[in-house]
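# Architecture at a glance
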Amino acid sequence: MTRCSIEKLMPEYIKNFEAYTPSKPDAELAKIYNCKKIYRLNNNENCLGPPSKAIEVIRRFDPKRAAVYPSGDSYYLRLKLGKKFHKDPNQFLVGNGANEVIGFTLKAFCEQGDNIITADKTFAVYEWTAVFSGIEARLAPLKDFDLDDEGMLELMDDRTKIIFICNPNNPTGTYWNSQKLRQFIKRVNNRAVIVVDEAYQEFVEKEDYPDSMSLIDKYPNLVTFRTFSKMYGLAGLRIGYLVGNLQIVDIIRRTCIVYSVNTLAQDAAVVALDDDEHVMVTRRLVKEGKAFLAAELSKIGLPYQCGEGNYAMIRLPIDDGLAYRKLMTLGVMVRAMTGFRFPNYIRVTISCPEAMQALIDGLVKIL
Ligand SMILES: *Cc1c(COP(=O)(O)O)cnc(C)c1O
């Protein structure tokens, strides 16, 4: 088949979609930028690694089990989740990262002509997954760095199937409190599915932050996303999940890809959930890291945006792509934000003190 006839097979929305370019492996970047050590501040990973119980499970993994398919529905993990959160295990669907459950949810509810609503500056995978699936993504601009509830409601029509709320929002760190979320759910009034992505729930300090999982029994159109990638330090094993009431989960389950969650990830996640100490220590580290960053950035005179979550955005007087490359030569890897509609901003993960110091030293040096 010629190249030209293959192109004819492509839907219009794929023709116009540009593939995401993943970062090169650290070892390759170290060669390119000629640096010895790299502080990874680009992906909101936990610099403390996985909880010690999960480390133990990973270390003791019997290699022979690699030949055997994993549980197709993350059986023991769902039992564990049910127990921990006082829900029916069938209210949980586990995926290959929370990223995969975004796809499950979209496929379950959206067909050509439908639309989803999200923000213009939020976790971009909702928008991307919709667009490359041929579904319209309607984007409500942020308001003072926060998701705009009114703006989102105004975008709704009778083809709106899902509204994605990233709470707290990545990358701005803003959050909707209990009252705002409840009000929003009431005004949507079952006209669309509401997804509350709580990838950073375990980091939130604020008292009025809503635990949306506690609302799912009351609102049949509500779905909560969580992940083991951030607080629980299992990003490399790829595991996340969604929770909803039985009816909505039974619908989404139809689009699940069986065996997409590997054995090791399931085993590690089960014990990770028990490690409250790890959560406490990480929260303390992030709190101290934010205080350090705030003080140092004020000294340098750089504006920043930091709320809940383990990340902050910093506004630079230079191009963020240029800043990325300059910081890389100093071994500091940040996230350039132009591609996420925040030109001249970088997003950095709140990491260990040594990495935070390297970031500040790097910024002073390049500016
Ligand atoms: C990191 C992140 C995810 C994806 O997590 P995975 O489980 O690693 O796929 C989802 N939502 C938000 C807001 C995130 O920041």
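Residues numbered from 1 in each chain as written. Predicted model: local features only at pLDDT ≥ 70, side-chain atom pairs only at ≥ 80, totals over all residues. Heavy atoms only, no water.

### Brief notes about the packing of aromatic side chains
Aromatic ring pairs are reported here in terms of the distance separating the ring centres and the angle at which the planes meet. The criterion, for reference: When the centres of two rings from Phe, Tyr and Trp lie within 6.5 Å, Trp using its six-membered ring, the rings pair. Their planes under 30 degrees apart give stacked, over 60 give edge-to-face, and anything left gives tilted. In DSSP terms, a helix is any run of H or I states spanning at least four residues, a strand is any run of E spanning at least two, and both are numbered starting from the N terminus. Working definition: with a 1.4 Å probe on protein chains only, accessible area under 20% of the residue-type maximum means buried, over 50% means exposed, and in between means partly exposed. Counted as over-ring charges are cases with an Arg CZ or a Lys NZ within 6 Å of the ring centre that also lie within 35 degrees of the ring normal.
One pass over the full model with this rule turns up 18 aromatic pairs. Taken together, a centroid distance of 4.6 Å and an interplanar angle of 10° make the contact between Tyr126 and Phe164 stacked. In this pair, Tyr126 is assigned in helix H7 (residues 125-131) and Phe164 in strand E5 (residues 160-166), connecting sequence segments 38 residues apart. Accessibility assignment for this pair places Tyr126 and Phe164 in one class, buried. Through a chain of ring-to-ring contacts, three or more aromatic side chains come together here, namely Phe92, Phe228, Tyr232 and Tyr241. It is Lys121 that lies over the ring of Phe342; its NZ or CZ is 4.7 Å from the centre.

### Things to note about the sheet that holds strand E8 (residues 240-243)
Within a beta sheet, neighbouring strands are joined by backbone hydrogen bonds and run either parallel or antiparallel to one another. This is how the line gets drawn: Note: two strands are recorded as paired if DSSP finds a minimum of 2 bridges between them. All axes here are fitted lines through C-alpha atoms, helices being fitted over the stretch that makes contact, and every angle between N-to-C directions spans 0 to 180 degrees. Contacts are assigned to residue pairs with any non-hydrogen atoms lying within 4.5 Å of each other.
Strand order in the open sheet formed by seven strands is E2-E8-E7-E6-E5-E3-E4, with mixed pairing between adjacent strands. Each edge of the open sheet is held by one strand with a lone partner, namely strand E2 (92-95) and strand E4 (136-140). Strand-to-strand twist of the sheet, defined as the mean angle between neighbouring strand axes without regard to direction, takes the value 20°. Both E5 and strand E6 (residues 193-197) contribute to a ladder of five bridges, which runs parallel. Following the sheet pairing, Ile162 is matched in E6 by Val193. Contacts between helix H5 (residues 75-85) and the sheet are confined to E2, strand E7 (222-227) and E8, with E2 contributing the most and set at about 130° to the helix.

### Section: unusual backbone geometry
Each neighbour pair has its own omega, and for Asn167 with Pro168 the value is -5°, a cis peptide bond. Along the chain, the position of Pro168 falls in the loop between E5 and helix H9 (178-188). Following Asn170, the chain continues into Pro171 via a peptide bond in cis, with omega recorded as 20°. For Pro171, the position within the fold is in the loop between E5 and H9. Notably, Ser74 is not glycine yet its phi reads approximately 45°, a positive angle.

### Let's talk about the state of the cysteines
By definition, a disulfide links the sulfur atoms of two cysteines through a covalent bond. What counts here: Throughout, disulfides are identified as pairs of cysteine sulfur atoms within 2.5 Å of each other.
As enumerated under the stated definition, the model contains one disulfide in all. Residue Cys47 pairs covalently with Cys352 via a disulfide, S to S 2.3 Å. On the sign convention where negative is left-handed, the bridge of Cys47 and Cys352, at about 105° about the S-S bond, is right-handed. Residue Cys47 is found in the loop between strand E1 (39-40) and helix H4 (52-59), and its partner Cys352 is found in the loop between strand E13 (345-349) and helix H14 (353-366); the two are separated by 305 residues along the sequence.

### Structural notes on the pairing of E7
When you tally the buried positions in E7, you get six out of six residues, the bulk of the element. Neither face of E7 is exposed, since Leu222, Thr224 and Arg226 on one face and Val223, Phe225 and Thr227 on the opposite face are all buried. Relative to E7, E6 runs parallel, the two sharing four bridges. Looking across to E7, one finds that Asp197 is bridged to Phe225. Relative to E8, E7 is paired through four bridges, and the arrangement is antiparallel. By the bridge assignment, Arg226 is partnered in E8 with Tyr241.

### A word on the environment of Asp208
Structurally, Asp208 is set in the loop between E6 and E7. Between the C-alpha atom of Asp208 and that of Lys31, which follows or precedes it by 177 residues, the distance is 46 Å.

### Some details on the site of the ligand
Note the following rule: Residues are classed as near a molecule or strand on a simple rule: at least one heavy atom within 4 Å of it. Surface accessibility follows the Shrake-Rupley procedure with a 1.4 Å probe radius. Residue values consider only the protein chains on display as shielding. Asp, Glu, Lys and Arg are counted as charged, while Ala, Val, Leu, Ile, Met, Phe, Trp, Tyr, Cys and Pro are counted as nonpolar; the rest, among them Gly, fall into the polar class.
Taken together, 13 residues lie near the ligand, and Ala98, Asp197, Thr227, Ser229 and Lys230 sit nearest. Computed on the free molecule, the ligand has an accessible area of 390 Å², of which 94% lies beneath the protein chains in the complex. A breakdown of the residues in the shell around the ligand according to their chemical character gives five nonpolar, five polar and three charged.

### Digging into the nonpolar core
Generally speaking, nonpolar side chains in soluble globular proteins are found buried as a group. As a reminder, the rule being used: To qualify as a nonpolar core, a set must consist of buried Ala, Val, Leu, Ile, Met, Phe, Trp, Tyr and Cys residues joined through side-chain atoms within 4.5 Å. In this document the domain limits rely on a domain assignment from an automatic tool or a database.
Within the largest apolar cluster, 87 residues are counted, with the highest numbers of intra-cluster contacts made by Leu359 and Leu363. Here this core gets seven residues from one element, more than from any other, and that element is H14. Both domains that furnish three or more residues to this core are identified here as domain 1 (3-50 + 276-366) and domain 2 (52-272). Excluding its chain neighbours within four sequence positions, the residues that come into contact with Leu363 are Leu297, Leu302, Ile314, Leu316, Leu327 and Ile346.

### As for H14
We apply this condition: Expected helix span is given by 1.5 Å per residue-to-residue step, counting one fewer step than there are residues.
End to end, H14 covers 20 Å across 14 residues, agreeing with the expected 20 Å (1.5 Å per residue, within 8%). Turning to H14, its buried residues are Ala355, Met356, Ala358, Leu359, Ile360, Gly362, Leu363 and Ile366. Those residues of H14 that are buried are in contact with E1, helix H12 (276-300), strand E10 (311-315), helix H13 (320-329), strand E11 (332-333) and E13.

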